[in-house]
Amino acid sequence: MSRTATDTDPGAQPPPGDDTAFFGQPRGLLTLSGLEVWERFSFLGMQAILVLYFADTVAHGGMGMDPGTAASVSAAYGTLVYLVSVAGGWLADRILGSYRAVLWGGILIACGHYSMAVPTATMTWVGLGLISAGTGLLKPNVASMVGKLYRTDDERRDAGFALYYMGINIGAFAGPLITAWLGDHKGWHWGFSAAAIGMTFGLIQYVAGRRHLAGRKHSAEYALPPEGLRRAVRLMIVGAVVVVALGVLLAAVGWLTMDRFVDCLTVISVIAPVVYFAVMFRSPRVTADERGRLRPYLVLFIASVAFNFILFQAYSTMILLASTNAETTIFGFHFPAGWYASALGAFEVALAPVVAALWARMGPRQPHASNKIAIGVILGGLSFLLMVLPTSGHSDDTYKMAVWWIVGSYLLLGLGDILVETSGMSATTKLAPKAFASQTMSLWFLSLALANGIQAQTVKLYGEVSNPAYFGVNGAIAVAVGVAVIALAPWLRRTMHPVH
């Protein structure tokens, strides 16, 4: 399709500014938020019990890993999920288009969860692989589709992303409640089954509401020419076969152990964003103005890494800590340790509309995006520093902290998450070079991959060093990064136009 056709295709354009059917936002936001409710229900519902499943004994239906290894493997899975998002953005831009990329991603995610419902170790790894591939297709492109609902100068954009993120966290709240209860009472694979059903519901409502979406056309915005498409498909097939064959061979000779696989993912998570930034800076399709906006984006990228390094541990080390050293009874009611993960989603559900309303009310007077992100990073660091208090001063590891310590930590983390992710994703859609629209959102998710890659190494220290030292040092580093971003605020305000 020619560029002219693309520009005149109503399915490719933002809806008119008077489309305010969903809390003052375009009605397509309801469709995309609904999809993310169910995608996060399945993904984070599974995440809430994954580390516990890895750490549980084989006799009890688990994988029999020690806690540090369980947390490291869980983080490595997160690294793989977000690394694949690079390919997902490229496939949307060049081959599939955003709508079909999200659709096929959701199908792969659902198939992955159904695979994990089968109680064998082999199907667990197959399922995690399918979920990684599907999430890599879905996540960068559904966020880009939200950005396409707004024109660049539409002041509803940040509020819209906050509402979108509220939808995400309805799923983040509900998912662990269901999966953790099933995992605790019926078995881990029952919990994985619930995640599969949730993703299926998400796909149904996404297809039903597709007519309200901008960018829903079937062709890619920057489609490859026919010969280039055939060459790309051949390379992808050959590459996949080579990678699988090499992996099987290295595993067969005993070189590719789980620890080495985790280490390889960490190395890739460091190299990938460096290469990706270099490609965009040097691309002839990126204008001088767009290149100038990528420089401040580097600062936001680092801030995202620092915050998400803390955030993702809400589903690994914090869950492990809750399962061993936190009360799981409140007002006489016993609950699974995985329910703590729902507290994070609950706070974000409650706070996201407040933040959205605040930004909408303040309009052009709201804080600059970089300051929102910096405050969020500081809150994430404080959530870990808070855990120093209840974990200090004990002679052994048999103590039990009150429920409110972890809940309070998740409150700080939840508010920080709203500030970082909504402002970060919104700024990404504004700062993205047009030729790398979906791929630049993939670059934001590469910050999540890098956060997970660093986490995959750091969490190996969990249980090896004292809990106060572990949480204190990691929290202090995040606070320092947030303060540094605030110090750079004057330069960021000058260079991040049109981000306000």
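Reading guide: rules and limits
- Residues numbered from 1 in each chain as written.
- Predicted model: local features only at pLDDT ≥ 70, side-chain atom pairs only at ≥ 80, totals over all residues.
- Heavy atoms only, no water.
- Helix = DSSP H or I, 4+ residues; strand = E, 2+ residues; numbered from the N terminus.
- Buried < 20%, exposed > 50% of the residue type's maximum accessible area, 1.4 Å probe, protein only.
- Contact = heavy atoms within 4.5 Å.
- Salt bridge = Lys/Arg side-chain N within 4 Å of Asp/Glu carboxyl O.
- Core = buried A, V, L, I, M, F, W, Y, C linked by side-chain atoms within 4.5 Å.
- 1 Å grid on protein atoms, 1.4 Å probe; cavity = no way out; pocket = protein on both sides within 12 Å on 5 of 7 lines; lining within 4 Å.
- Points joined across faces, edges and corners; volume = space filled by probe spheres on them.
- Nonpolar A, V, L, I, M, F, W, Y, C, P; charged D, E, K, R; others polar.

**Q** Even after reading the chapter, I still don't get the overall build of the protein chain, so can you show me in this structure?
**A** For the protein chain, the helix and strand inventory stands at 18 helices and 2 strands. When each of the 500 residues of the protein chain is scored for burial, the buried share is 56%. Considering only contacts in the protein chain between residues 6 or more positions apart, those separated by 24 or more positions represent 82%.

**Q** For this particular structure, what's the right way to read the pattern of salt bridges?
**A** In a structure, side chains of opposite charge can pair up when their charged atoms sit close to one another. Within this structure, the stated rule accounts for 3 salt bridges. Two residues, Lys139 and Glu36, come together in a salt bridge whose shortest N-O distance is 3.0 Å. Here Lys139 is found in helix α5 (residues 121-147), whereas its partner Glu36 is found in helix α2 (residues 28-55), with 103 residues between them in sequence. Taken individually, Lys139 and Glu36 each receive the classification buried, so the pair is uniform in this respect. Close ionic contact of Glu39 with Arg40 constitutes a salt bridge, the shortest N to O distance being 2.6 Å.

**Q** Any chance you could explain the nonpolar core here in plain terms?
**A** Looking at soluble globular proteins, one finds that nonpolar side chains tend to be buried together. Counting 129 residues, the largest nonpolar core has Tyr164, Tyr340, Val377, Ile406 and Tyr410 as its most contacted members. For this core, the element with the most residues is α2, which contributes 13 residues. When neighbours within four sequence positions are excluded, Val377 is seen to be in contact with Ala303, Ala306, Phe307, Val420, Ala478, Val481 and Gly482.

**Q** Which parts of the structure should I look at to understand the layout of surface pockets?
**A** Remark: the empty space left among the atoms is shown by a probe the size of a water molecule rolled over them. Here the largest pocket is characterised by a volume of approximately 1500 Å³. Of all the secondary structure elements, the ones that give two or more residues to the lining of the largest pocket are α3 (67-96), α5, α8 (226-252) and α9 (258-282). For the lining of the largest pocket, the element with the highest residue contribution is α8, accounting for 10 residues. Across the lining of the largest pocket, the residue classes tally to 27 nonpolar, 5 polar and no charged.

**Q** Sorry, what's going on with empty space enclosed by the protein here?
**A** Per the stated rule, a full pass over the model turns up 2 cavities of 30 Å³ or more. As a volume, the largest cavity reaches approximately 330 Å³. Residue lining of the largest cavity: 28 residues in total, with Arg40, Leu44, Tyr82, Leu311 and Phe312 positioned closest to the centre. At the level of elements, α2, α3, α6 (157-185), α10 (288-311), α12 (340-362), α15 (403-431) and α16 (437-458) are the ones that each hand at least two residues to the lining of the largest cavity. Counting residues per element, the lining of the largest cavity draws most heavily on α16, at 5 residues. Its residues assigned to classes, the lining of the largest cavity comprises 15 nonpolar, 8 polar and 5 charged.

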